[in-house]
Amino acid sequence: MNYIIICLLIIVIVLLIILVLRKNDNSDINEKLSRTEINVIKEIGDFKHDFSSNLNKDFNTLNDRIEHKLNLINQKVNEKLEDGFDKTNKTFNEVMNRLTRIDEAQKKIDGLGSEIISLESILTDKKSRGIFGEVNLYHILSSIFGEKNDNIYKTQYTLSNTLVADAILFGPEPLGTICIDSKFPLENYRRLVEKGLTNTEREARSKAFDNDVKKHIDAIASKYIIAGETTDQAIMFLPAEAIFAEINAYHTNLIKYAASKKVWITSPTTLMSLLTIIQSVLMGLERDKYTSVIHEELNKLGVEFGRYRERWDKLSRSIQTVNNDIENIHKTTEKITKRFDSINNVKIENDDIQLIEK
């Protein structure tokens with residue numbers, strides 16, 4: 001733009017000079033001015049041509065730079081878009097995987113819900129609850145003592161009073177033989193833990209639950225404690241940890257009542273702990289039983305070792321004697337060898353001849 005303005009100003013100035021000079025009638029001056037005008041016009045044309053050429057070059061250079069910049073921007077945009085598409089694709093795949101897992105988890109939850117409903121229907125029936133408790137009891141016994149270990153425990157054991165205990169444990173003294181019976185007081189417990197109960201309702205249901213548990217304690221004490229056959233104690237197994245926790249937390253009177261009847265209330269966890277302790281005691285007794293045998297065998301081994309030492313001493317002395325004889329023979333051999341070497345080298349003098357000592 002500056003070049004164009006300067007050119008226009010020059011042209012205007014030149015034209016004004018020409019107009020002023022033409023008013024004078026000087027022909028020489030007019031001729032010179034005409035020549036000057038022609039030269040100026042030519043120079044202006046050349047300038048315009050150069051200016052146009054330079055301007056085109058500048059425009060072309062600027063266009064190339066702009067095109068280069070646009071290509072770079074386009075390349076960066078494409079790279080960003082590709083990265084964005086990759087990240088979006090990965091995120092989409094992760095979302096699909098998570099949705100698949102959620103769907104699988106939902107199916108498992110649905111299956112678990114049906115199993116819970118099935119378990120709920122099983123526990124509703126008293127007989128089914130009894131079988132459930134017995135199965136849990138047998139599983140704990142077998143996991144501690146092994147399958148069908150009749151020397152330590154038996155299931156469905158018939159007592160002398162013709163009553164059948166769920167399990168009987170042949171414990172060591174002073175524990176002795178002790179009966180284990182499974183009980184599952186579920187109805188009154190469910191009624192007790194319902195939400196929205198008033199204090200009066202909770203107290204009434206708590207008493208009903210206490211009476212239910214006391215009935216089980218009395219039944220075990222009267223049926224499974226037999227003088228001369230079992231110990232004076234029995235175990236009541238509750239297959240639900242929640243009921244055991246309820247009794248220990250809010251019904252300590254039941255614990256005292258059971259202790260007065262020599263009935264010990266256990267849950268799956270506490271029964272496993274008790275049986276593990278009994279197993280350790282039994283293993284200790286078995287080790288003690290064989291302690292005298294081990295001591296006797298060690299004494300016999302000591303006698304045999306004494307004989308072995310005597311015989312070794314004799315053999316050692318014999319070996320030492322043989323070793324001494326070998327050394328003497330070796331010395332004699334060395335002397336004979338030296339004498340033979342002297343004879344071979346003719347170094348023996350007449351007055352040095354001596355008999356070879358043996």
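Refer to the structure printed above.
Asks: Quick one: what's the story with the overall build of the protein chain, residue by residue and with numbers?
Replies: Counting its secondary structure elements, the protein chain contains nine helices and five strands. Reading the protein chain from its N end, one meets helices and strands in the order α-α-α-β-β-β-α-α-β-α-α-β-α-α.

Asks: Requested: an account of a nonpolar patch on the surface, with residues and values cited.
Replies: A cluster of nonpolar side chains, contributed by Leu 62, Ile 66, Leu 70, Ile 73, Val 77 and Leu 81, occupies part of the molecular surface with about 530 Å² of accessible area. Mapping Val 77 onto the fold places it in helix α2 (residues 27–124).

Asks: Any chance you could break down unusual backbone geometry for me, citing the residues and the numbers?
Replies: Look at Thr 162: it is not a glycine, yet its phi comes out positive at around 70°. Tracing the chain through its elements places Thr 162 in the loop between β1 (153–158) and β2 (164–170). Although it is not a glycine, Lys 262 sits at a positive phi angle of roughly 60°. Its place among the elements puts Lys 262 in the loop between α7 (252–260) and β5 (263–266).

Asks: Could you give an account of the pattern of salt bridges, naming the residues involved and the relevant values?
Replies: Inspection of the entire model under this criterion finds four salt bridges. Between Lys 183 and Asp 181 there is a salt bridge whose closest N-O contact spans 3.2 Å. With respect to burial, Lys 183 and Asp 181 carry one shared label: buried. With its nearest N and O atoms 3.5 Å apart, the salt bridge here joins Lys 262 to Asp 232. Of this pair, Lys 262 sits in the loop between α7 and β5 while Asp 232 is found in the loop between α5 (199–223) and β4 (234–237), placing the two residues 30 residues apart along the sequence. Judged by its relative accessible area of 35%, Lys 262 falls in the partly exposed class.

Asks: Explain the nonpolar core to me, and be specific about the residues and the numbers.
Replies: With 26 residues, the main nonpolar core has Phe 209, Met 236 and Ile 243 as its most contacted residues. Counting residues per element, the ones that place at least two in this core are β2, α4 (187–192), α5, β4, α6 (241–250), α7 and β5. The element best represented in this core is α5, accounting for five residues. In contact with Met 236, not counting residues within four places along its chain, are Asp 181, Lys 183, Val 213, His 216, Ile 217, Ile 220, Val 263, Trp 264, Ile 265 and Thr 266.

Asks: Outline the packing of α6 against α7, listing residues and values.
Replies: Orientation of α6 relative to α7, taken along the N-to-C sense of each, is 95°, at an axis distance of 5 Å. By the angle between their directions, the pair α6 and α7 is classed as roughly perpendicular. Residues Ile 247, Asn 248 and Tyr 250 of α6 form the contact with α7, whose own contacting residues are Thr 252, Leu 254 and Ile 255. Of the residues in the contact of α6 with α7, the class split is four nonpolar, two polar and no charged.

Each value, and the rule that gives it
- Residues numbered from 1 in each chain as written.
- Predicted model: local features only at pLDDT ≥ 70, side-chain atom pairs only at ≥ 80, totals over all residues.
- Heavy atoms only, no water.
- Helix = DSSP H or I, 4+ residues; strand = E, 2+ residues; numbered from the N terminus.
- Patch = residues over 30% accessible without salt bridge, like charges linked within 9 Å, V, L, I, M, F, W, Y side chains within 5 Å.
- Areas by Shrake-Rupley, 256 points an atom, 1.4 Å probe, with all protein chains shown as cover.
- Salt bridge = Lys/Arg side-chain N within 4 Å of Asp/Glu carboxyl O.
- Buried < 20%, exposed > 50% of the residue type's maximum accessible area, 1.4 Å probe, protein only.
- Core = buried A, V, L, I, M, F, W, Y, C linked by side-chain atoms within 4.5 Å.
- Contact = heavy atoms within 4.5 Å.
- Axes fitted to C-alpha atoms, helices over the stretch in contact; angles between N-to-C directions.
- Parallel < 35°, antiparallel > 145°, perpendicular 65-115°, else oblique.
- Nonpolar A, V, L, I, M, F, W, Y, C, P; charged D, E, K, R; others polar.

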